[in-house]
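# Summary of the model geometry
Now for the letters of each chain:
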Amino acid sequence: MPTYKAPVNDTLFVLNDVLGLERYNNLPGFADATPDMIEAILGEAAKMAEEVLFPLNYSGDQEGCTRHADGTVSTPKGFKHAYDAYREGGWIGLAVPQEFGGQGLPYTLHAAVCEYTSAANMSLMMYPGLTQGAIAAILAHGSDEQKKTYLQKMVEGTWSGTMNLTEPHCGTDLGLLRTKAVPQADGSYKITGQKIFISAGEHDMTDNIVHLVLARIEGAPEGTRGISLFIVPKFMVGEDGSLGARNGVSCGAIEHKMGIHANATCVMNYDEATGYLIGAENRGLNAMFVMMNEARVSVGLQGVSVAEIAYQNAVAYARDRLQGRSLSGPKAPDKKADPIIVHPDIRRSLMTMRAFNEAGRAFLLWTALKSDIAHRATDEKERQTADDILSLVTPILKGVMTDKGFEHAVMAQQVFGGHGYIEENGMSQYVRDARITMIYEGANGIQALDLVGRKLGLNGGRAVMALFKEIGDFCEENRNDEKLSFFTKQLKKGLNDVQAATMWFMQHAMAKPDNAGAGSTDYMHLFGLVVLGYMWAKMAKAATEGLAAGETAREEFLRNKLVTARFFMERIMPETALRKARIETGAETMMTLSAEAF
């Protein structure tokens, strides 16, 4: 059976040594996040993940959710008890402002905690995860009355939230949606339509579910310009906050899925359900994108999480499984065979997973810190730069880390050989669960198009130039340090490749947009490699400084960081040249065949 150990020391290294979280004590909530408090919180989060959430992961996958005749849904055995423990611990409101019942701590710390809990039980953590996204949307666009009515209970976790976008005939192209909203005399709306693929749409873990629903008000313009966002509670809420009658929203079915079986992915029917406009009419996508962007970071986090737990189990298996002899001579002469971890090809897999996981964790926390700066800094220029970079890298984090999360779950399964294909060993669940991360919250091809088609040129390319400058400045500042020159040299090569690919798009995609579409996925991964390389260069710098300071207690840990950093730069970073070469071939051979020729 699988095991899981939260990587607390790795997280602390990134937060303290690489990002220097203490330097941001001027930001609201950061002064309270002292190193001792951060270590204590991560320790408690690790205990929650390992002892409460993880033991239910396999059984929850096997049992799944059950829809009853009355439309209610039961989650797997033990899920409600585990959710209650998570809720009572105050984890949902960790980074929510104190005025709404949260603790007001950094979002960066929240992201670190969520890596552990999502790795331990991805399906279960989607329930509060959707709630946190709904909280963010209401915080940003809700009226004072809506905040007063819903936020406290959602932050407590006694009520949960969802996001309702997709319909049977439209997914990414939301301009095609048909769910309608009819204005009522009291200022509310009657919402009618059907939504599909709604994660946590119905369940038994909270007293109420607050659905955020995209719909078109009667008479609104066609396309995305006519979409509004509505709060549609499962149970109506009285003026005193008490729950009243059941609203006209119900679960019509639970989707039968490849993975995340323990999360209730529902078909939701709205039959003249009472809803309340959130934000302005016909501006629903603006409000929903607050939730979607947070969700995309969270899904990128899921990619890191599933890759980490798959890697940990592959390592454990590789240490124990005896098969063949080392090419350089027996390593366990007292046994009939050596453990497979001695074989270079197994090491290739394990080192590749490790290198991406550790850089991916740093990428995630670095991105979360940009979010904190964007929302909490007092200096307007500092906020703007952080927000620009956050917007630019969100599709990269989501797309690259979920592509790699799935790829590395498969890689970990391969380490097990035939035993990885057997359900009881748990590896197939990680493969199945990882697969959805590449699809939901915008399929990864859409993330790549968003990056190339929207984010690169936004505000005259202000964001991409700022990030290129940040990485370039790091290379220049450290290029004469002989202990870092190897890392900065390799990073600079990657930076040159992504800059050249960006320039190629500027020269060849305006007149022929298919060139942008044909190269978008390669560009997303090229850019992702450079950002991950930047993370490794920063980690190598922190590790080198730690060793120079004589940190004997962490000497092995820091030396291992440098070895893994070198592996990434030698074996993985050169892929930037391959991605650049693909981009520069353009779209001609990709688009020449007629549809009938396929």
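A brief structural summary. (Residues numbered from 1 in each chain as written. Predicted model: local features only at pLDDT ≥ 70, side-chain atom pairs only at ≥ 80, totals over all residues. Heavy atoms only, no water.)

## Structural notes on the environment of Asn478
Along the chain, Asn478 turns up in helix H13 (residues 462–478). Distance from Asn478 to Lys541, taken between C-alpha atoms, is 8.7 Å for residues 63 residues apart in sequence. Leave out the neighbours within four places in its chain, and Asn478 touches Leu484, Ser485, Thr488 and Lys541. (Helix = DSSP H or I, 4+ residues; strand = E, 2+ residues; numbered from the N terminus. Contact = heavy atoms within 4.5 Å.)

## A look at the nonpolar core
The biggest cluster of nonpolar side chains holds 194 residues, and the ones touching the most others in it are Tyr523 and Phe527. Apart from the residues lying within four places of it in its own chain, the contact partners of Phe527 are Leu392, Ile396, Leu456, Val464, Leu467, Phe468 and Val498. The next biggest cluster of nonpolar side chains, apart from the first, holds five residues, and it includes Met122, Met126, Ile260 and Val299. (Core = buried A, V, L, I, M, F, W, Y, C linked by side-chain atoms within 4.5 Å. Buried < 20%, exposed > 50% of the residue type's maximum accessible area, 1.4 Å probe, protein only.)

## Structural notes on the pattern of salt bridges
Summed over all chains, the structure comprises 33 salt bridges. For Arg432, the salt bridge identified is with Glu423, shortest N-O distance 3.3 Å. Judged by relative accessible area, which is 33%, Glu423 ranks as partly exposed. Between Asp450 and Lys455 there is a salt bridge, with the nearest N and O atoms lying 3.0 Å from each other. A relative accessible area of 11% places Asp450 in the buried class. Here the residues in one salt-bridge network are Asp10, Arg354, Glu358 and Lys561, joined through shared partners. (Salt bridge = Lys/Arg side-chain N within 4 Å of Asp/Glu carboxyl O.)

## Remarks on the environment of Asp403
Residue placement: Asp403 occurs in helix H10 (residues 380–415). Look at Asp403 and you get buried, because its relative accessible area is 16%. A C-alpha to C-alpha distance of 29 Å links Asp403 and Ser594, two positions 191 residues apart in sequence. Those residues in contact with Asp403 that lie beyond four places of it in its chain are Met438, Asn444, Met524 and His525.

## Points about the packing of aromatic side chains
Applying the stated criterion across every chain yields a total of 15 aromatic pairs. Where Phe486 meets Phe487, the ring centres are 5.4 Å apart and the plane angle is 75°; that geometry is what we call edge-to-face. Taking the relative accessible area as the measure of exposure, Phe486 reaches 21% and is therefore partly exposed. On the basis of relative accessibility, which here comes to 4%, the residue Phe487 falls in the buried class. Centroid distance Tyr523 to Phe527: 5.7 Å. Interplanar angle 90°. Geometry classified as edge-to-face. Taken together, the positions of Tyr523 and Phe527, both in helix H15 (residues 513–548) and four residues apart, correspond to about one turn of that helix. Taken as a pair, Tyr523 and Phe527 share a single burial class, namely buried. Counting every residue linked through ring pairs, the aromatic cluster contains Phe468, Trp504, Phe505, Tyr523 and Phe527. Sitting over the ring of Phe235, Arg246 keeps its end group 5.7 Å from the ring centre. (Phe/Tyr/Trp six-rings, centres within 6.5 Å; stacked < 30°, edge-to-face > 60°. Lys NZ or Arg CZ within 6 Å of the ring centre and 35° of its normal.)

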